[in-house]
Amino acid sequence: MRRIGGADDSVTNDNMNIQEFFSSIIESMPSALITVDGNLHIKQINTNALRISKAVEGEVLNKSVFASFPMLESYESEIQVALTQNATVTLDRVEYINQELNNYYKVTCYPLDAIDNVIVIQIDDITQRELLEQRILQTEKMHSLDGLAAGIAHEVNNPLSAIINGIQNIKRRLDPERIANQESADQLALDLEKLNAYLEEREIKFFLDSIEEGAFRASNIVSNMLKFTKPDTHSREPCDINLLLDQSIKFAIKDYELQNDKSLANIEFEKNFDAALPKIEVLPLELQQVFFNLIRNAEQAISARVAAQEESEDYIGKISIETRLEDGNLIVVVADNGCGMNDEVVRKAFDPYFSTRHKSGGHGLGLSTVYRIIKSLLGGEIEVRSAVNVGTQFIITLQI
Ligand SMILES: Nc1ncnc2c1ncn2[C@@H]1O[C@H](COP(=O)(O)OP(=O)(O)OP(=O)(O)O)[C@@H](O)[C@H]1O
Ligand SMILES: [Mg+2]
């Protein structure tokens, strides 16, 4: 501090003011700042650092920095480098579960010029930036997939139409009732009735019907894919979101009752619905699909946590669903206290075909469908926050 002030030691009052001045700068900085000594014990701490550690100053001074900032614990060797080699060390992305959710921090450790064996640890909360980046990445991935899906659907449509038209022509030209067929057969002295009997006998008609049916099915799938990438083909109507949620909960309960999943016998649903929500224009069937998928995933996460058998007897799986209005938007939160996801799973959760449940029948299509409906069809936002063995929250924002 003395060096920074550069003040003449004889001017004690000025010196005090400069110290206060610098202290107030340090206090007002948005970063958390901590100075630690060679034993990594806290010597000074600013208000933002106290806010992150949720401690009071008296409790943390002269104690290990890891006691108040456990997110630094696995980086001890890096912090030691700053101390012993007098070097600045930057940790770009430190993940830490705080208030049951993942938080992200950027940590910079730098030596003090003036004092040996003391370093400053600067912690910046980058959680919002990190979540935003994850969202942008996801949007980009989905946009390119939307384009790809639309492209494939379009290209596959043409050969499919050729197959369907071809089969229908073959069937028409084998029909003995048609005059043109009869005339051609007569010219060749061919008995059309017998030809048809042969086709029946050798099941050729059955094969033709199967090809036609398969081609129709494929064509329906393709046109649904094309519809999905064109939001304006869906019709919106004013809906009571709380009611849609209630219906989705009922579907989901029925679904796990049908599957006779014992681990879900004690599941608890907690509803915190804002009764005063206005009706909003949405796509009711699609939104139900969204809620159903989220609730099913929550149930499966609870089931996985029970199956891991790490929980005490009194663990109760809980799915909490909340609706509220915030800044003119409708917020729906679907939260569970299931197995949670690690960082990598969180990053991939919305990717089509990504599943950690392939073995138990997961296709990895639930969340990508949810994402598409919320983002592309409804123009909303969806965000996920999760922590292993703590739980998961999906937060949907829809404009009213
Ligand atoms: N509530 C949750 N808790 C923990 N993990 C979840 C939760 N929701 C989703 N996941 C993780 O995200 C992955 C992808 O979810 P998604 O719904 O897309 O696929 P799935 O459930 O595996 O299969 P499908 O929905 O197609 O049957 C899951 O496999 C799981 O690992
Ligand atoms: Mg799913």
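As a starting point, this report considers the structure included with it. Predicted model only: the values in this text are computed from it and were never measured.

## Considerations on the overall build of the protein
Right, on to step 1. When helices and strands are tallied, the protein shows 14 helices and twelve strands.
Right, on to step 2. Contacts spanning at least 24 positions in sequence make up 60% of the contacts within the protein whose residues lie at least 6 apart.

## Observations concerning the sheet that holds strand β12 (residues 391–399)
Right, on to step 1. Sheet architecture is open: five strands sit in the order β7-β9-β10-β12-β11, paired in mixed fashion. Both outer strands of the open sheet, β7 (268–272) and β11 (381–387), are each paired with one neighbouring strand and no more. Averaged over all adjacent pairs, the angle separating strand axes in this sheet is 10°, with direction ignored.
Right, on to step 2. Strand direction decides the pairing type here: β11 and β12, joined by seven bridges, are antiparallel. When the sheet's bridge partners are listed, V384 is paired in β12 with F394.
Right, on to step 3. Lying on the sheet, helix α12 (residues 284–307) is in contact with β9 (318–326), β10 (329–336) and β12; it crosses β10 at an angle near 25°.

## Overview of the nonpolar core
The nonpolar side chains of soluble globular proteins are, as a tendency, buried together.
Right, on to step 1. Counting residues in hydrophobic clusters, the biggest one holds 38 residues, and the most contacted among them are F291, L294, I295, V334, V370 and I374.
Right, on to step 2. Residue assignment for this core shows that the elements contributing at least two residues are α11 (241–258), α12, β9, β10, α14 (366–377), β11 and β12.
Right, on to step 3. Tallying contributions element by element places α12 first for this core, with ten residues.
Right, on to step 4. Contact partners of L294, with chain neighbours within four places excluded, come to V334, V370 and F394.
Right, on to step 5. With 23 residues, the next largest nonpolar core counts A32, V60, I79 and C109 among its residues.

## Re the site of ligand 1
Right, on to step 1. Around ligand 1 sit 23 residues, and of these A301, S355, G362, G366 and L367 come closest.
Right, on to step 2. Contributing elements (two or more residues each) for the shell around ligand 1: α12 and α14.
Right, on to step 3. Element by element, the count of residues in the shell around ligand 1 is highest for α12, at four residues.
Right, on to step 4. For the shell around ligand 1, the per-class residue count stands at nine nonpolar, twelve polar and two charged.

## Considerations on the packing of α12 against α14
Right, on to step 1. Taken N-terminus to C-terminus, the directions of α12 and α14 make an angle of 145°; their axes are 9 Å apart at the nearest point. Judged by the sense of rotation from one axis to the other, the crossing of α12 with α14 is left-handed. Residues E286, Q289, V290, N293, L294, R296 and N297 of α12 lie in contact with α14, whose contacting residues are G366, L367, T369, V370, I373, I374 and L377.
Right, on to step 2. Classifying every residue of the contact of α12 with α14 gives seven nonpolar, five polar and two charged.

Criteria and cut-off values
Residues numbered from 1 in each chain as written. Chains lettered and ligands numbered in written order. Predicted model: local features only at pLDDT ≥ 70, side-chain atom pairs only at ≥ 80, totals over all residues. Helix = DSSP H or I, 4+ residues; strand = E, 2+ residues; numbered from the N terminus. Contact = placed C-beta atoms within 7 Å. Pairing = 2+ DSSP bridges. Axes fitted to C-alpha atoms, helices over the stretch in contact; angles between N-to-C directions. Core = buried A, V, L, I, M, F, W, Y, C linked by C-beta atoms within 7 Å. Buried ≥ 20, exposed ≤ 12 C-beta atoms within 10 Å, placed from the backbone. Near = placed C-beta within 6 Å. Nonpolar A, V, L, I, M, F, W, Y, C, P; charged D, E, K, R; others polar. Left-handed = near helix turned anticlockwise from the far one by under 90°.

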